[in-house]
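An overview of the molecular structure
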Amino acid sequence: MPLSKAQDGPEEHRSARGRLRSRLRARSVAGQVFLWLLVVVVLLVGAALTTLILQARSYAISDAGHSTRAAAVTLSRYPGLAAALDSADPPAVLQPLAVDVQKSGGFDYIVIFGTDGTRYAQTAHPELIGQHVYGDYQDSLKGPYTTTENIPLGPDVDTTVAVTRPDGSVAGFLSVGYYVKNTTGAVSRQLPVLFGGAAAALAVGTGGAVLVRRRLRRQTHGLGPAEMTRMYDHHDAVLHAVREGVLIVGGDGRVVLANDEARRLLELPDELEGRPVTELGLDPGLAELLVSGRAATDEVYPAEERLLAVNNRPTAPFGGSAGSVATIRDTTELRALAGQAEAARARLKLLYDAGLRVGTTLDIVRTTQELVDAVVPRFADFVTVELAEAVLRGDEPLPGTGVAGGPRIRRVAAGGIREDRPFYPVGSQISPLPGTPEALALGSGRAALADDLRQAHAWRARDPRTADRILAYGVHSLISAPLKARGLTLGTATFWRAGQSAPFGEEDVSFAEELVARAAMSVDNARRYTREHRMAEALQRSLLPRGLPEQNALAVAYRYLPAQRGVGGDWFDVVPLPGFRVALVVGDVVGHGLHAAATMGRLRTAVLNFATLDLPPDELLARLDELVARLDQGEPAEDDRTRAVTGATCLYVIYDPVSGHCAMARAGHPPPALVRTDGSVEYVDLPAGPPLGVGGLPFETTELRLAPGTALVLYTDGLVTGRERDLENGLAALHRSLAQAPADGSPEEICRAVSDALVPPHPSDDIALLVARTRLFEPSQVATWDVPYEFAAVSRIRNACGDQLTAWGLEELGFTAELILSELITNALRYGAEPIRVRMLRDTSLVCEVSDAGSTAPHLRYAATMDEGGRGLFLVAQIAERWGTRYTARGKIIWAEQPLTAPEFQFEAMLL
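About the cut-offs
- Numbering of residues begins from 1 in every chain and follows the order in which that chain's sequence is written.
- Restriction of local features to residues with pLDDT of at least 70 applies here, the model being predicted, together with a cutoff of 80 or more for giving and counting side-chain atom pairs; totals for whole chains, interfaces and linings are based on all residues.
- Based on all heavy atoms of the structure, the side-chain values leave hydrogens and waters out of the count.
- Aromatic rings from Phe, Tyr and Trp, with only the six-membered ring used for Trp, were paired whenever their centres fell within 6.5 Å, and each pair was classed as stacked if the ring planes differed by under 30 degrees, edge-to-face if by over 60, and tilted otherwise.
- To qualify as a helix, a DSSP run of H or I must reach at least 4 residues; to qualify as a strand, a run of E must reach at least 2; elements of each kind are numbered from the N terminus.
- We call a residue buried when its accessible area falls under 20% of the maximum for its residue type, exposed when it is over 50%, and partly exposed in between, using a 1.4 Å probe and counting protein chains only.
- Interaxial angle, 0 to 180 degrees, is taken between N-to-C directions of lines fitted to C-alpha atoms, where a helix line uses only the stretch in contact.
- By the definition used in this description, the sense in which the near helix is turned from the far one sets the handedness, with an anticlockwise turn below a right angle giving left-handed and a clockwise turn giving right-handed.
- Whether two residues touch is decided by their heavy atoms; if any such pair falls within 4.5 Å, the residues are in contact.
- Under the grouping applied here, Gly and all other residues not named as nonpolar or charged are polar, the nonpolar ones being Ala, Val, Leu, Ile, Met, Phe, Trp, Tyr, Cys and Pro and the charged ones Asp, Glu, Lys and Arg.
- One less than the residue count of a helix, multiplied by 1.5 Å, gives the span that helix is expected to have.
- Patch criteria: residues need more than 30% relative accessible area and no salt bridge. Like-charged residues are merged within 9 Å; nonpolar side chains of Val, Leu, Ile, Met, Phe, Trp and Tyr are merged within 5 Å.
- In this description, accessible areas are obtained by the Shrake-Rupley approach with a 1.4 Å probe, and a residue is regarded as covered only by the protein chains that are shown.
- Just to be clear on terms, a salt bridge is a Lys or Arg side-chain nitrogen sitting within 4 Å of an Asp or Glu carboxyl oxygen.
- What makes two strands pair is DSSP finding at least two bridges between them.
- Put simply, a disulfide is two cysteine sulfurs that come within 2.5 Å.

1. Quick word on the packing of aromatic side chains
Applying the stated criterion across every chain yields a total of 11 aromatic pairs. Judged by centre distance (5.6 Å) and plane angle (65°), the rings of F382 and F423 are edge-to-face. Taken together, the residues F382 in strand β11 (residues 382-388) and F423 in the loop between β12 (409-416) and β13 (429-430) connect sequence positions 41 residues apart. The pair formed by F382 and F423 is uniform in burial state, with each residue classed as buried. A ring pair is formed by Y560 and F572, whose centres lie 6.3 Å apart and whose planes are at 35°; its orientation type is tilted. In this pair, Y560 is assigned in strand β17 (residues 554-561) and F572 in strand β18 (residues 569-576), connecting sequence segments 12 residues apart. Here Y560 matches F572 in class, with each residue buried. Taken together, the ring pairs in this structure connect F382, F423, W459, Y473 and W496 into an aromatic cluster.

2. Observations concerning the packing of helix α19 (residues 793-807) against helix α20 (residues 814-831)
The contact between α19 and α20 brings their axes to 9 Å, and the two run at 145°. For the pair α19 and α20, the sense of crossing is right-handed. Facing V794, I797, R798, C801, G802 and L805 of α19, the residues of α20 in contact are G814, A817, E818, L821, S822, I825, T826 and L829. Here the contact of α19 with α20 is built from residues that sort into eight nonpolar, four polar and two charged.

3. So, helix α17 (residues 727-740)
Between its terminal C-alpha atoms α17 stretches 20 Å, which fits the 20 Å expected from 14 residues at 1.5 Å a residue. Summarising the contacts, the buried residues of α17 are in contact with β22 (673-675), β23 (681-683), β25 (711-715) and α18 (747-758).

4. Looking at the environment of V759
With respect to the helices and strands, V759 occurs in the loop between α18 and β26 (767-774). For the pair V759 and G722, spaced 37 residues apart in sequence, the C-alpha to C-alpha distance is 10.0 Å. Every residue in contact with V759, bar those within four places of it in the chain, is listed here: L561, L719, V754 and I767.

5. Notes on a nonpolar patch on the surface
Residues L35, V39 and L43 make up a contiguous nonpolar surface patch of about 290 Å² in total accessible area. Considering the arrangement of structural elements, one finds V39 in helix α1 (residues 2-76).

6. Considerations on the sheet that holds strand β8 (residues 296-303)
Here we have five strands laid out as an open sheet, ordered β7-β6-β10-β9-β8, and antiparallel in their pairing. What marks the edges here is a single partner per strand, and that holds for β7 (255-258) and β8. The average angle at which neighbouring strand axes cross in this sheet is 25°, direction not considered. Sheet analysis places strand β9 (residues 306-314) next to strand β10 (residues 323-330), joined by seven bridges and oriented antiparallel. The residue of β10 that forms the bridge with N311 is T327. Each of β6 (245-250), β8, β9 and β10 touches helix α7 (residues 284-292); the most contacted strand, β8, lies at about 145° to it.

7. A word on unusual backbone geometry
Residue V376 is joined to P377 through a cis peptide bond whose omega torsion reads -5°. Relative to the helices and strands, P377 resides in the loop between α9 (364-375) and β11. The residue F580 is not glycine, and still its phi comes out positive at about 60°. What makes F580 buried here is its relative accessible area of 13%. Although it is not a glycine, D614 sits at a positive phi angle of roughly 60°. Along the polypeptide, D614 turns up in the loop between α15 (594-612) and α16 (617-630).

8. Some details on the state of the cysteines
On inspection of all chains with the given rule, the structure shows zero disulfides. Here C801 is not disulfide-linked; the sulfur of C848 is the nearest cysteine sulfur, at 6.8 Å.

9. Structural notes on the pattern of salt bridges
The tally for this structure, following the rule as stated, stands at 32 salt bridges. Between R393 and D395 there is a salt bridge; the shortest N-O distance is 3.8 Å. Across the salt bridge formed by R623 and E619, the nearest N and O atoms sit 3.4 Å from each other. One end of the pair is R623 and the other is E619, both in helix α16 and four residues apart, which spans about a single turn. Owing to a relative accessible area of 34%, R623 belongs among the partly exposed residues under this scheme. One network of salt bridges, in which partners are shared, links R347, R497 and D508.

Here it is, written out as structure tokens:
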């Protein structure tokens, strides 16, 4: 027998290696079949897609040629087209016609030009109207002329047709163009079929490869001899090394296999295999279970002095023939500890669940109520929580809180298994007396136990009537634990048991302390957040404008709603400028919290300072961009919450009530909306510009002329975006709300309509809304004169201004106004450049302006005793209430403002 086994060994190894090689070859063949199929499908798809694209390109060019030719011929025969070309202002008629035809026909451009090549209509680039067309168009005199030209955007199909008059003469030409890249319908319609076929082919190939693989595995049984030997060794090692008994019984009730642990636990004899189970001296119930083969889970049976937990499972169909396998473990010691372990597990589970449920928000009252809800009824029947008054405000508790005669504590949360609780209601103030559990907990910092409330004399003495009501209710024991965090005692949490519940014991005290200690951290976090939030709100309120300045250029109303959680950095301003102009500002700082609010204040101050320089919108935003980029350089952040703000958005608008001119620029901010006097609403096509602090790109100013009564709507992104609304939907909603508002309504009514439609009940971001309705000065409020470039003109202009002041009823200002104008005009003639103009504005004050084409600004200085000049601006500064210089695109304006009533003893004060 040994010799025979030795001879058979090499053959078995060779057989195993052969089966392994066959298995690898089978796998390789299946993989090769799938890979070949994949390559073929990819090649076929590529060829079909190339052919489809070439065919689609040819079809697109042909289709574009037919479309442009038909459109050009049809448009050339449009009634009145030739007459419009011969009219005095062809663009006024032809440009709207070309735009309508382009939109309805879906063409890329339409050009209408005269016989001399001058463009009268241009849809793609309207700025080219009035310029000469490119290329030769004389071939279209013979009929419609279609050309195809390759441009960077792809093939461009263009058809040019002559427009003839009724007498047959040519009045002009028109061209209709279409980019072939926009024609992708043919390819799009056939791509699903092509890719669907490819996917089907791959699915069939994959299925075939899987079938081949499975068939090969069935033929080799999936394993070779080496794998089977290794598996047997592993199973044998596990069977005898595991510390759990394993007993396999055949279908005939005889033992097939027993491991060492089963022999030890059941005290089985050595010669075991093949013997009937009923002859082994086992407990009758256990023997019956093993022979029956029925399934059992953790059934307990005695064996001498042990309690054995038995799991029994049938081996069929996993083990071939009928039978069962039983696993046996000793549970004698575990049974003794089961009750304690279950209680400990429940306590740990309660701590874990409380950690998840308590502190989900940063609201103090809600956090304490979450503690109550997490504990009832798993640890206590009722729970009450009291906090110091200062904690509810976010402050640290005062010394002696809760002690008799000291600051009281307030009940903020309560709950239990029944609603008719006999305790003090939520909101009640409580002053624990010495000796009560609450006082002991607050004084010692440790939980206090009262296992029998009928014997707790100090507790009953505080309020005998309430104590008797609580005892009559069935409450019999309590634990009062202090809410301590970071060395501060914030309040107490009291756990109550009533009815049939077991009284609290000493083992419950430590658990209550652990539970309350974890909850106290959440309460303290909420307290600190409340303090910071209150400070941030106070800072934010102090940095925002307290009211709107007095001015007559705009009727203004606003809404400002801070975020419910986390103070943001939104702000707005209305800034009066010289010449009765007004600047409107709306901005938003990135982030939330104290740092965002402080940064908002710094930016608002910077905008106010830059506005006093009378800078145009684009230049003001450029300076603000540099400021934001340098704002926090060199200031290291203590943590992530105080890191430097990396950007902000801003919209700056200047409105002039004299001319109705409006200039605006924005830096990453949503565009403003205009509500016309007829009720129509539109968003200003204003270049967005990068957010402040990003840098790299210049800002652009857009100029408009607004009719009187036009409403200008400025807002921050919190109004139009949120968790349930993106920017596009928000802008559409704002458009609808503005369109539904009364067309002649006041700014306050528009604010109310927008707020009711868009502001959520609990905004997650700050919301700033500013509505300004434009006004225009009456012509009688403005007087202008052109000044000849000669000093003799000064007296004439001075006299004309005096006459105008008399017409306005401001004769008492005549002397000072004429003196100011004389000095300013003289400076302009001496140091400025033509043209020179004088303008006087009358509203809430009198403004005198002298403009010239020079860029040199005058400076106020003290003149020496022997100097002949240098005192003019000094006199202007003394007489005028304000004066200054602002620059324009064509020079500068020197202005001076006076009140409408001359102050008494003005000149006497100057002499003093």
